[in-house]
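So the chains spell out like this:
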Amino acid sequence: MDRPNYITPAGYAALRAEYDQLFADERPALVETIAWAAGNGDRSENGDYIYGRKRLREIDRRLGWLSKRMKAAKVVDPAQQPDRTRVWFGATVTLVDEDDRERVLTLVGDDEADAGAGRVGWNAPLARALRGAAVGDLRRVHLPAGERDYEVAAVSYPLA
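Residues numbered from 1 in each chain as written. Predicted model: local features only at pLDDT ≥ 70, side-chain atom pairs only at ≥ 80, totals over all residues. Heavy atoms only, no water.

## Overview of the pattern of salt bridges
Applying the stated rule across the entire model yields 16 salt bridges. One salt bridge in this structure joins Arg-139 and Asp-137, with 3.9 Å as the shortest N-O distance. Exposure remark for Asp-137: the relative accessible area of 25% places this residue in the partly exposed category. A salt bridge links Arg-140 to Asp-149; the shortest N-O distance between them is 2.9 Å. (Salt bridge = Lys/Arg side-chain N within 4 Å of Asp/Glu carboxyl O. Buried < 20%, exposed > 50% of the residue type's maximum accessible area, 1.4 Å probe, protein only.)

And the structure:
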């Protein structure tokens, strides 16, 4: 990876919880089902066996991905941000666009981004344009739908 995988403590905990759930609960139950299905004889038409093997590959692939992401993760607690006047990782930002519509979003790690919930990944175009901005700054963002101008109306961080 050429850039750090920043993540909030809550985002890391969510990755860890998913890993633990897959590894400790779902995978062992699936292995047991596959072993039972394999003991039933002809595997070529055994749905439990075929589906089980396919699902096991999916789980193992996801476990590998989660493991790599957790190893590369650099956990950053936004509550510990020393400069709370500017937009940095973990900031909750209120933006006003050129049509005077407000938009509130939080800059989080790419693995925990959810645009529908207002959580934008740190490496998204909007987040990159906002880095280092202070209240009152105008930022032009190059989005897939075209360029938009946003004014930073407020910046906040979670309390420690």
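## As for the pairing of strand E3 (residues 92-97)
Side-chain positions along a regular strand alternate between the two faces of the sheet. Summarising burial for E3: five of the six residues are buried, a large majority. As paired strands, E3 and strand E4 (residues 102-108) are joined by five bridges and run antiparallel to one another. Across the sheet, Thr-92 pairs through a bridge with Thr-106, a residue of E4. Between the antiparallel neighbours E3 and E4 lie four residues, among them Asp-100 with a positive phi of about 60°. Of the pairings in the sheet, the one linking E3 to strand E7 (residues 146-156) comprises six bridges and is antiparallel in character. If you follow Val-93 over to E7, its bridge partner there is Val-155. (Helix = DSSP H or I, 4+ residues; strand = E, 2+ residues; numbered from the N terminus. Pairing = 2+ DSSP bridges.)

## Concerning the sheet that holds E7
Spatial strand order, E5-E4-E3-E7-E6: five strands in an open sheet with mixed pairing. Either end of the sheet is taken by a strand with one partner, and the two such strands are strand E5 (119-121) and strand E6 (138-143). With direction set aside, neighbouring strand axes in the sheet form an average angle of 45°. For E4 and E5, the ladder comprises three bridges, and the chain directions are parallel. What sits directly across from Thr-106, in E5, is Arg-119. (Axes fitted to C-alpha atoms, helices over the stretch in contact; angles between N-to-C directions.)

## Some thoughts on the environment of Gly-39
Here Gly-39 shows up in the loop between helix H1 (9-38) and helix H2 (47-72). Given the relative accessible area of 63%, Gly-39 is considered exposed. Residues Gly-39 and Asp-77, 38 residues apart in the sequence, show an inter-C-alpha distance of 50 Å.

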